[in-house]
Amino acid sequence: MSISEPHPTIGLTTISRTVASLAVGVVHTVERAVVGEGRMRTARGNAWEAVCADRARADQRAELNRLVAELTAARAASSRTQWERQPVG
């Protein structure tokens with residue numbers, strides 16, 4: 001008595017994965033051909049861009065904090081001079 005094992009079938013997910021894998025390979029090849037080897041995006045390049053963007057945001061945040069501090073100081077000084085000018089009565 002022999003037990004027949006079911007034949008492996010190709011499912012919809014197998015086809016989708018294959019198509020996606022081929023599409024990624026084609027896009028990668030086209031990108032390499034169009035932009036050139038030296039201009040390909042890499043993980044290192046992406047990380048450096050992220051570092052630069054973080055630094056730029058930190059600089060902008062520091063500048064904004066400086067401006068807010070200046071405005072707060074100017075407003076406090078203005079309030080102080082108005083309070084000192086009020087007549088005593």
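Residues numbered from 1 in each chain as written. Predicted model: local features only at pLDDT ≥ 70, side-chain atom pairs only at ≥ 80, totals over all residues. Heavy atoms only, no water.

Per an unreviewed UniProt entry, the protein carries the name Membrane protein and comes from Micromonospora vinacea.

With that settled, consider the overall build of the protein. Check the secondary structure of the protein and you find two helices and zero strands. Of all 89 residues assigned to the protein, the portion counted as buried reaches 1%. Counting every atom, the protein has about 8,500 Å² of accessible surface; 62% of that belongs to carbon and sulfur. (Helix = DSSP H or I, 4+ residues; strand = E, 2+ residues; numbered from the N terminus. Buried < 20%, exposed > 50% of the residue type's maximum accessible area, 1.4 Å probe, protein only. Areas by Shrake-Rupley, 256 points an atom, 1.4 Å probe, with all protein chains shown as cover.)

Across all of its chains, the model carries three salt bridges by this definition. A salt bridge links Asp54 to Arg57; the nearest nitrogen and oxygen atoms lie 2.2 Å apart. Taken as a pair, Asp54 and Arg57 lie in helix 2 (residues 43-85) at a separation of three residues, close to a single helical turn. A relative accessible area of 43% means that Asp54 is categorised as partly exposed. (Salt bridge = Lys/Arg side-chain N within 4 Å of Asp/Glu carboxyl O.)

Further remarks concern a nonpolar patch on the surface. Where nonpolar side chains cluster on the molecular surface, the patch consists of Val26, Val30, Val34 and Val35 and spans about 340 Å² of accessible area. Its place among the elements puts Val26 in helix 1 (residues 12-35). Exposure remark for Val26: the relative accessible area of 51% places this residue in the exposed category. (Patch = residues over 30% accessible without salt bridge, like charges linked within 9 Å, V, L, I, M, F, W, Y side chains within 5 Å.)

This next bit is on the environment of Arg66. Within the secondary structure layout, Arg66 lies in helix 2. What makes Arg66 partly exposed here is its relative accessible area of 38%. At a separation of 2.3 Å, a polar atom in the side chain of Arg66 contacts the side chain of Glu70. (Polar contact = N/O pair within 3.5 Å; in protein donor to acceptor, adjacent residues only side chain to side chain.)

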